[in-house]
Amino acid sequence: MTSEFLITSLVVILLPGTGVIYTLALGISGGFRAAVLAAFGCTLGIIPHILASVVGLAAVLHASALAFEVLRYIGVAYLLFIAWSLLKDSNALDVGPEQAPVAGAARIVRKGIFTNIFNPKLSLFFLAFLPQFIPAGTSGDATGQMLFLGGIFMALTFLVFVGYGALAAGLRRQVLSRPAVIVWMQRSFAAALGLMGLRLALSDR
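I will try to describe carefully the structure that is included in this document. (Residues numbered from 1 in each chain as written. Predicted model: local features only at pLDDT ≥ 70, side-chain atom pairs only at ≥ 80, totals over all residues. Heavy atoms only, no water.)

## A closer look at the packing of helix 2 (residues 18-30) against helix 3 (residues 32-44)
Part 1: Interaxial distance between helix 2 and helix 3 falls to 7 Å at its minimum, and their mutual angle equals 160°. Judged on the interaxial angle alone, helix 3 and helix 2 are roughly antiparallel. Crossing of helix 2 against helix 3: the hand is right-handed. Contacts from G19, Y22, T23, L26, G27 and G30 in helix 2 reach F32, A34, A35, A38, A39 and C42 in helix 3.
Part 2: Looking at the contact of helix 2 with helix 3, its residues break down into 8 nonpolar, 4 polar and no charged. (Axes fitted to C-alpha atoms, helices over the stretch in contact; angles between N-to-C directions. Helix = DSSP H or I, 4+ residues; strand = E, 2+ residues; numbered from the N terminus. Parallel < 35°, antiparallel > 145°, perpendicular 65-115°, else oblique. Left-handed = near helix turned anticlockwise from the far one by under 90°. Contact = heavy atoms within 4.5 Å. Nonpolar A, V, L, I, M, F, W, Y, C, P; charged D, E, K, R; others polar.)

## A word on the side chain of N116
Part 1: Among the structural elements, N116 can be located in helix 7 (residues 102-117).
Part 2: Here N116 falls in the buried class, since its relative accessible area comes to 9%.
Part 3: What N116 contacts, discounting residues up to four positions off in sequence, is T18, C42, G45, I46, H49 and L122. (Buried < 20%, exposed > 50% of the residue type's maximum accessible area, 1.4 Å probe, protein only.)

As structure tokens, then:
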């Protein structure tokens, strides 16, 4: 593991995406514990993509237009569904006491997992990203090294997302005193997720 890997990973993770938006939304609506659960779910959603890149499924997605398109549009549909649900549910960002019931916790983690699973570009990203940091003359277990680097990437993702969640949870008091802010943020989160879904639908491979 090199400093270049850490810096590149942090830059990629810090860029706002669906996982960041989901974690921010949960941090504001449910507090810090909910944000941690969201960050945990989003981090778990990376695992299939890392494994896919290691075993070569990403190469199949890259070679098969049909496989890529099917997975991509499943992801688009899921993002648009979340955006629509957020707009339709007037209590989606209802800021109440900071708590995370067991049933609610499972749902938060599950949504976080699906948010990252249904993004085929993550597989292609790891296929292109991880091998760059494996020494060219490596005679050992390259697969093991890629899994190790993938684990480091996941740990950084979790820490960064928890940081985003802590920032969002810290804004809860201001949100509590301004109900109109809740409506504005709910619509903003829904719009951001919807735009990301459309961008995924219209983007090239």
